[in-house]
Amino acid sequence: MNIKRMMMATAVAVSVATPALAELVIPSLVYRTGAYGPNGIPYADGYADYFALLNERDGGIGGEMVNLIECETAYNTEKGVECFEATKDLGSLVYQPLSTGITYQLIPKATAADIPILSMGYGRTSAANGKVFSHIFNFPGNYWSAASAVINHILDQENGDIKGKKIALVYHNSAYGREPIRTLEELAKKHEFELSLLPVDHPGQEQKSQWLQIRREKPDYITMWGWGVMNQVAIQEAANIRYPMEKFIGVWWSGSENDVIPAGMKADGYKALAMHNTGMDYPLYDDLKTYLYDTGKASGEHAGTVLYSRGMYAGMLAAEGIKTAQKMTGKSNITAGDLRDGFEVLEITEEKMAAIGMPNFGPSFKVSCESHGGPMVTAIQQWDAKNKTWSLITPFNPGDMDVINRLIAEDSAAYAAENNLSERCG
Amino acid sequence: MLYREAGDFKVSYQADQQTFPIRFDRLFFWALLASAYFVVPFFINDYWANAVLLPFLIYGVASIGLNILTGYCGQVSLGSGGFMAVGAYTCYKMMTAFPDLNLAFCILAGGVTTAIVGIMFGLPSLRIKGFYLAVVTLAAQFFLVWMFNKVPWFYNYSATGMISSPERTMFGYAITGPNATPAATYLFCLTFLVVLAFLGRNLTRGSVGRKWMAIRDMDIAAEIIGVNPLMAKITAFGVSSFYVGVAGAMIFSVYLGAVEVTEAFGIQKSFLLLFMIIIGGLGSILGSLVGAAFMVLMPVLLKNIMVNSFGWAIDIAAHFEFIIIGGLIVFFLIVEPHGLAQLWRIIKEKMRLWPFPH
Amino acid sequence: MVEFLYGIEVVINGLMAGVMYSLVALGFVLIFKASGIFNYAQGVMALFAAMTLVGVQEGQVPFAHLINSVFGTQYHHFGWHINAFVAIAVAALVMLLFAYLVERYILKHLVNQEPIILFMATIGLAYFMEGFGDLMWGSNIKTLDVGIPQGGNFWIEEKTAFLGGEDFYGFYLDTLDIYATVIAIILVSTLVLFSQYTKTGRALRAVADDHQAALSVGISLRRIWVIVWSIAGIVALVAGIMWGSKSGVQFSLSLIALKALPVLMLGGFTSIPGAIIGGLIIGIGEKLFEFLIGAPFLGGATENWFAYMLALLFLVFRPQGLFGEKIIERV
């Protein structure tokens, strides 16, 4: 945006954007303002920069330019509706709303409009069951596999026996924060550990009660499902009560630079789940630098951070889905329905990621009609406060699939019954 | 200029007491209503319905409700978000417990339940007054939201506590769920608004409304002339909560389709409704609607102008949106402190007298 | 015994949390007392003050994002790092300027209006500041460090550990909270001294007592308003620093106003001691309730509503708040 364009735009009277043909329209429902804005910004930048790079370097995907339409949701469901309605008729290919609330709302709407949703590591977990949720994809991981990954990591640390151990869950008191509870309860039964639940109300600026309780009860491990200011305060308070950071494991939304930097050196050793790698050591960043940062087309302010990487990863998965769909249909100008079919046979391999310039960035996996949830593998990353870097300390490991699959089947069956859906995939 | 009249001649009480005493207003109102019912449904699309008209109509209902309590009866309430949640969850429970029940009844049941809850929380208003009353309603707000979050029965023991509305039809048309057509949902909400606004207008003009206003203007004086403050305040809380509950039920079932109580019915919703009625004009049904229109439409309009037409970056546009809305609120206040409805009244007076200002 | 000691610990921490609430509530009270305005923008003012402080300290270019996107430039930082005290002084100056502008462009035009209208004007102001602050300093999260130490106070912890047995680890106290308490005491005593012993202070009290009477003896209402808003701005800055040190400076900081509401209701809108005592009562009450009943029996997260319920309980017996002016109703 420069002055000239602004002037030109001003000259053009108030009009609604018209659908431009022969380009791939990707709406980007993001939030750069509001209480969760600080986390939304790097994600939105990563998502936008990835597609901008494809446009600049390759001339789009398969010869079609990508038209990324950003729409500000401020993490607000009503604005989310507005954004969805404003973009759905423009030929939008895929929605990634980065909000569990908005995802729940869009599930029936997008299904009816035949547009896929890729809720990567958030949203409705049981949407992993492709037999019920035809248009929703949540690879490569979900909250239930995440909960199981936390417990698996603890099992590793404790040599496989956590009987009688105390594990506390500090969670955002909302739909998102409550997601892991059922899984953790099931796992608590299976492994006979003691689970204590500590809800924190939005926004979570004041958590003294919760942390005094933790200090009293001395749980052996803490896991956290937080977002926004809650993360910073929780990590700060954990440091204050001198809780050993390496026994404090956050979900992937509680493990970004934003969350640990305010606590300074005291956050050293804090762990979080990761569904992808992070950092600047990828050949892709050379291209990003040449084509975007150096030409001033993007600031690259957040490049290399966890949430920027996540935005980029989300962009990469969507782009790979589009490529798959283009190959499948044989035409470059695909529709949302084609992309849905493309996602269903999407295969992310090590070679593909290396070719893109992101070797080892995420797990390799395959999506199928039955399973929209991908591999459900998760790694653990740890914060190094001195060098200010996150690094993966485990490979991508699967969760406790028996428990997760059972829960997914139960929950999706309930949804199917409520909405009179019959199962797909033969 | 638009009003071609030559004086104020009334020959019957009926003519004197009608809602729109001026002929032009009356005609305009009927024309507006007719076009709302018979023209708009043919041109409406998903965007206009879901992003503009539904929120406007639903918030219109809610702000009429709050205006009855705050504008007419003088009791400040910051619990509207919580009361909306009561309506929404009642509606959800009814919809899932009785799948064959008509949606309209589910929504009305939401309103009735909310009225009862509202009356309960209204009782302390006999003793606590003014801004301090806000604490009672805030307690309601936070307690209700916490309760809906905590007790799994309310969300049918689902894993996350989100409630989603199943598809329900009326006269063969889907009103809720993804297959609802924009025209059907629009007409459904419009009917609720028209009926409730009509009711509200006549309630506030009748003896009940006069009692409310007496209490608002000075409760001790009202008590002396024989208004029972208990009854007046309780009815105001009841009626107001009914409206707010109906609006909450509609937000959940028709507009959003899936809600989470902390996000959709949090404290910011209570503030939003209060902003609507203050900006629109306290003690005015028209004001409630204008205020709702301002708070719902202005952000959408500004966003469309700045992002779609000027091509600004969305975050800059969002910041300017706040600046402009804040600036407009202050500007309108300085021009006319009693809200947009009063501004309209003044303009109307001017227009009736034009071109002779005296 | 251990339970009892932990109960005491909860009470002490409740007191500390209460001080933090009072810091926010104080700003509300000052403005309400002097001008009868319920200042909805107080939370946003705290956010704006803290953002300005960090921005100045880190040498951020104001409106960088806007400038860059209009002119296609890449400015972010001036490249300096200013001493915390200088930065605080600059931020305080900005708040003074802000107070002047608010009076000049908003309040002047709204003299003699009803409280609800003035309340609404502050809503408009809050919206404006929210957008303006973000536009000026960006909505990224910022780390605020003015050199106040944070973390559990180990000295107290060690010295008190002997009180209980094996299971007692000593009283936990956050150093930041201790500083907050000291600062709050200094702030309140300064305010009290100022309003009791200076000419301006007397004028402030006169205005608070009766606008018209104050006007008639020659006190400039407009000047008083500027002063009051300036003081409230500086109180907001202090609150912003204390809360911002905890969680980083970000949008959520403006939501701390919600924590101050029950304090105000309970303490009374017009009383500075009320804001402090109210804060302490709410702090202790909500923490103790969560400790004794909320967490063990109700599943936790009860603090938010319990604070209001507690205020409600007090109000039923004292409808004007603990220290509010007695409401005299005449016909």
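Description of the structure in this document. (Residues numbered from 1 in each chain as written. Chains lettered and ligands numbered in written order. Predicted model: local features only at pLDDT ≥ 70, side-chain atom pairs only at ≥ 80, totals over all residues.)

### Structural notes on the overall build of chain C
Part 1 of the reasoning: The number of helices and strands found in chain C is 13 helices and 0 strands.
Part 2 of the reasoning: The N-to-C order of helical and strand elements in chain C reads α-α-α-α-α-α-α-α-α-α-α-α-α.
Part 3 of the reasoning: At 21 Å, chain C has a C-alpha radius of gyration in line with the 20 Å of a compact globule built from 331 residues.
Part 4 of the reasoning: Counting only C-alpha atoms and orienting by the principal axes, one finds that chain C spans roughly 65 × 65 × 40 Å.
Part 5 of the reasoning: Here chain C, with 331 residues, has 56% of them falling under the buried criterion.
Part 6 of the reasoning: Considering only residue pairs separated by 6 or more positions, chain C has 73% of its internal contacts joining residues 24 or more positions apart. (Helix = DSSP H or I, 4+ residues; strand = E, 2+ residues; numbered from the N terminus. Rg over C-alpha atoms; globule rule 2.2 N^0.38 Å. Buried ≥ 20, exposed ≤ 12 C-beta atoms within 10 Å, placed from the backbone. Contact = placed C-beta atoms within 7 Å.)

### Description of the overall build of chain B
Part 1 of the reasoning: Along its length, chain B carries 16 helices and 4 strands.
Part 2 of the reasoning: The C-alpha radius of gyration of chain B comes to 21 Å, within 12% of the 21 Å expected for a compact globule of 358 residues.
Part 3 of the reasoning: Oriented by its inertia axes, the alpha-carbon framework of chain B measures out at about 70 × 55 × 45 Å.
Part 4 of the reasoning: Taking all 358 residues of chain B together, the buried fraction comes to 55%.
Part 5 of the reasoning: Intrachain contacts of chain B at a sequence separation of at least 6 include 74% that bridge at least 24 residues.

### What to know about the interface of chain A and chain C
Part 1 of the reasoning: Facing 39 residues of chain A, the contacting portion of chain C comprises 37 residues.
Part 2 of the reasoning: Counting residues per element, the ones that place at least two in the side of chain A that touches chain C are helix H2 (37-58), strand E6 (194-200), helix H7 (208-217) and helix H8 (229-240) of chain A.
Part 3 of the reasoning: Among the residues forming the side of chain A that touches chain C, the class breakdown is 16 nonpolar, 15 polar and 8 charged. (Nonpolar A, V, L, I, M, F, W, Y, C, P; charged D, E, K, R; others polar.)

### Focus: the environment of Leu274(B)
All names here are of chain B.
Part 1 of the reasoning: The residue Leu-274 is located in helix H13 (residues 267-280) in this model.
Part 2 of the reasoning: Using a count of 24 C-beta atoms within 10 Å as the deciding quantity, one classes Leu-274 as buried.
Part 3 of the reasoning: For the pair Leu-274 and Asn-67, spaced 207 residues apart in sequence, the C-alpha separation works out to 8.4 Å.
Part 4 of the reasoning: When sequence neighbours within four positions are dropped, the list of residues in contact with Leu-274 reads Leu-66 and Leu-78.

### A few points about helix H4 (residues 84-105) of chain C
Residue and element names in this part refer to chain C.
Part 1 of the reasoning: Between its terminal C-alpha atoms H4 stretches 31 Å, which fits the 32 Å expected from 22 residues at 1.5 Å a residue.
Part 2 of the reasoning: Listed as buried for H4 are Ala-87, Ile-88, Ala-91, Met-95, Phe-98, Ala-99, Val-102 and Glu-103. Taken around the axis of H4, the buried residues stretch over an arc of 155°, which confines them to a single face. Relative to its buried face, H4 has exposed residues pointing more than 90 degrees away, namely Val-86, Leu-97, Leu-101 and Arg-104.
Part 3 of the reasoning: Summarising the contacts, the buried residues of H4 are in contact with helix H2 (42-58), helix H5 (115-137) and helix H10 (221-247). (Expected span 1.5 Å × (residues − 1). Arc of directions from axis to C-beta.)

### Observations regarding the environment of Val306(A)
All names here are of chain A.
Part 1 of the reasoning: Its place among the elements puts Val-306 in helix H11 (residues 306-329).
Part 2 of the reasoning: When the 29 C-beta atoms within 10 Å are taken as the criterion, Val-306 is described as buried.
Part 3 of the reasoning: The spatial distance from the C-alpha of Val-306 to the C-alpha of Asn-258 is 9.2 Å, given a sequence separation of 48 residues.
Part 4 of the reasoning: Those residues in contact with Val-306, other than ones at most four positions away along the chain, are Gly-255, Ser-256, Glu-257, Thr-278 and Trp-390.

### Looking at unusual backbone geometry
All names here are of chain A.
Part 1 of the reasoning: Here the amide bond leading from Phe-139 into Pro-140 is cis, since omega sits at 5°, within 30 degrees of zero.
Part 2 of the reasoning: In this fold, Pro-140 is placed in the loop between strand E4 (136-137) and helix H5 (143-157).
Part 3 of the reasoning: Of note, the amide linkage connecting His-202 to Pro-203 takes the cis form, showing an omega dihedral of -5°.
Part 4 of the reasoning: Following the sequence through the fold, Pro-203 ends up in the loop between E6 and H7.
Part 5 of the reasoning: Look at Glu-192: it is not a glycine, yet its phi comes out positive at around 55°.
Part 6 of the reasoning: As for its position among the elements, Glu-192 is in the loop between helix H6 (175-191) and E6.

### Overview of the interface of chain C and chain B
Part 1 of the reasoning: Listed as interface residues are 43 residues of chain C and, on the opposing side, 37 residues of chain B.
Part 2 of the reasoning: For the side of chain C that touches chain B, the elements supplying multiple residues, two or more each, are helix H3 (64-71), H5, helix H11 (257-267) and helix H13 (303-317) of chain C.
Part 3 of the reasoning: Per element, the largest residue contribution to the side of chain C that touches chain B is 15 residues, and it comes from H5(C).
Part 4 of the reasoning: A breakdown of the residues in the side of chain C that touches chain B according to their chemical character gives 30 nonpolar, 10 polar and 3 charged.

### Structural notes on the pairing of strand E1 (residues 24-30) of chain A
All names here are of chain A.
Part 1 of the reasoning: With 7 of its 7 residues buried, E1 lies for the most part within the structure.
Part 2 of the reasoning: Of the two faces of E1, the one holding Leu-24, Ile-26, Ser-28 and Val-30 and the one holding Val-25, Pro-27 and Leu-29 are both buried throughout.
Part 3 of the reasoning: A crossover connection joins E1 to the parallel strand E2 (residues 66-72) through H2; in handedness this β-α-β unit is right-handed. (Right-handed = clockwise from strand over helix to strand, strands pointing away.)

### Looking at the packing of helix H1 (residues 2-35) of chain C against H11(C)
Packed helices, taken two at a time, are described by their axes: the angle between them and the distance between them.
All names here are of chain C.
Part 1 of the reasoning: Contact pair H1 / H11: the axes reach a minimum separation of 8 Å and the direction vectors enclose 70°. Comparing the axis directions of H1 and H11 gives the class roughly perpendicular. Viewed along their axes, H1 and H11 form a crossing whose handedness is right-handed. Counted together, Tyr-21, Ser-22, Val-24, Ala-25, Phe-28 and Val-29 of H1 and Ala-257, Lys-259, Ala-260, Val-263, Leu-264 and Gly-267 of H11 form the full contact between these two elements.
Part 2 of the reasoning: Within the contact of H1 with H11, the residues separate by chemical class into 9 nonpolar, 2 polar and 1 charged. (Axes fitted to C-alpha atoms, helices over the stretch in contact; angles between N-to-C directions. Parallel < 35°, antiparallel > 145°, perpendicular 65-115°, else oblique. Left-handed = near helix turned anticlockwise from the far one by under 90°.)

### Remarks on the pairing of strand E5 (residues 166-172) of chain A
Residues in a regular strand project their side chains so that they alternate between the two faces of the sheet.
Residues and elements named next belong to chain A.
Part 1 of the reasoning: In terms of residue burial, E5 counts as a mostly covered element, since 6 of its 7 residues are buried.
Part 2 of the reasoning: In this sheet, E6 lies alongside E5 in parallel orientation, the contact comprising 7 bridges. Bridging across to E6, Tyr-171 finds its partner in Pro-199.
Part 3 of the reasoning: Taken together, E5, H6 and E6 constitute a β-α-β crossover, and its handedness is right-handed. (Pairing = 2+ DSSP bridges.)

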